[in-house]
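Single-letter residue listing:
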Amino acid sequence: TLKAPYVCGDANNDKKVNLLDISFIINYLYRQGQPPPYREAADVNNDTKINLLDISYIINHLYRGGPAPHCD
């Protein structure tokens, strides 16, 4: 199988999943910011949409011990 060219949850494509990815998605969705370089990387709940649920999923993962992002 081929390895994805992105890290799941890494919306800004800096090879790390952190607060900057949350901010990147917020800027994209609500402040007309740039789209994620890899749309799949920002769709962490794997529902084919990038929305508030993805932001919540990353927060839950990073700060509340929730499940790891799941991208396909």
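Our subject is the structure that appears above.
Calculation rules
Residues numbered from 1 in each chain as written. Predicted model: local features only at pLDDT ≥ 70, side-chain atom pairs only at ≥ 80, totals over all residues. Heavy atoms only, no water. Core = buried A, V, L, I, M, F, W, Y, C linked by side-chain atoms within 4.5 Å. Buried < 20%, exposed > 50% of the residue type's maximum accessible area, 1.4 Å probe, protein only. Helix = DSSP H or I, 4+ residues; strand = E, 2+ residues; numbered from the N terminus. Contact = heavy atoms within 4.5 Å. Phe/Tyr/Trp six-rings, centres within 6.5 Å; stacked < 30°, edge-to-face > 60°. Axes fitted to C-alpha atoms, helices over the stretch in contact; angles between N-to-C directions. Parallel < 35°, antiparallel > 145°, perpendicular 65-115°, else oblique. Nonpolar A, V, L, I, M, F, W, Y, C, P; charged D, E, K, R; others polar. Disulfide = S-S within 2.5 Å.

Concerning the nonpolar core
Counting residues in hydrophobic clusters, the biggest one holds 13 residues, and the most contacted among them are Ala11, Ile25, Ala42, Ile58 and Cys71. Put simply, the parts of the chain that give this core at least two residues each are α1 (19-30), α2 (39-42) and α3 (52-64). Considering every element that reaches this core, the biggest residue donor is α1, with 3 residues. Those residues in contact with Cys71 that lie beyond four places of it in its chain are Tyr6, Cys8, Gly9, Glu40, Ala41, Asp43, Val44 and Asn46.

Describing the environment of Tyr28
Secondary-structure assignment places Tyr28 in helix α1. Sequence separation between Tyr28 and Asn12 is 16 residues, and the spatial gap between their C-alpha atoms is 10 Å. Those residues in contact with Tyr28 that sit more than four places away from it in its chain are Gly33, Gln34, Pro35, Pro36, Arg39 and Ile50.

Considering the environment of Tyr57
Mapped onto the secondary structure, Tyr57 falls in helix α3. Here the alpha-carbon distance between Tyr57 and Pro67, two residues 10 residues apart in the chain, equals 8.2 Å. If near-sequence neighbours (up to four positions away) are discounted, Tyr57 is found in contact with Val44, Asn45, Pro67, Ala68, Pro69 and His70.

A word on the packing of aromatic side chains
Tallied over the entire structure, the rule returns 1 aromatic pair. Taking 5.7 Å as the distance between ring centres and 35° as the angle between the ring planes, the aromatic pair formed by Tyr6 and Tyr38 counts as tilted. Separated by 32 residues along the polypeptide, Tyr6 in the segment before α1 and Tyr38 in the loop between α1 and α2 bring together distant segments of the chain.

Regarding the packing of α1 against α3
The description of two packed helices rests on the angle between their axes and on the distance between the axes. Direction vectors running N to C along α1 and α3 enclose 170°, while the axes themselves pass 10 Å from each other. Regarding the angle of α1 to α3, the classification is roughly antiparallel. Residues Leu19, Ile22, Ile25, Ile26, Leu29 and Tyr30 of α1 touch α3, and the partners they reach there are Leu52, Ile55, Ile58, Ile59, Leu62 and Tyr63. Partitioned by chemical class, the residues of the contact of α1 with α3 number 12 nonpolar, no polar and no charged.

Here we look at the state of the cysteines
Going through the model one piece at a time under the given rule, you end up with 1 disulfide. The disulfide bridge from Cys8 ends at Cys71, spanning 2.0 Å between sulfur atoms. Across the disulfide from Cys8 to Cys71, rotation about the S-S bond amounts to roughly 80°, and the bridge is consequently right-handed. Highlighted residues: Cys8 in the segment before α1 and Cys71 in the segment after α3, separated in sequence by 63 residues. Each member of the pair Cys8 and Cys71 is classed as buried.

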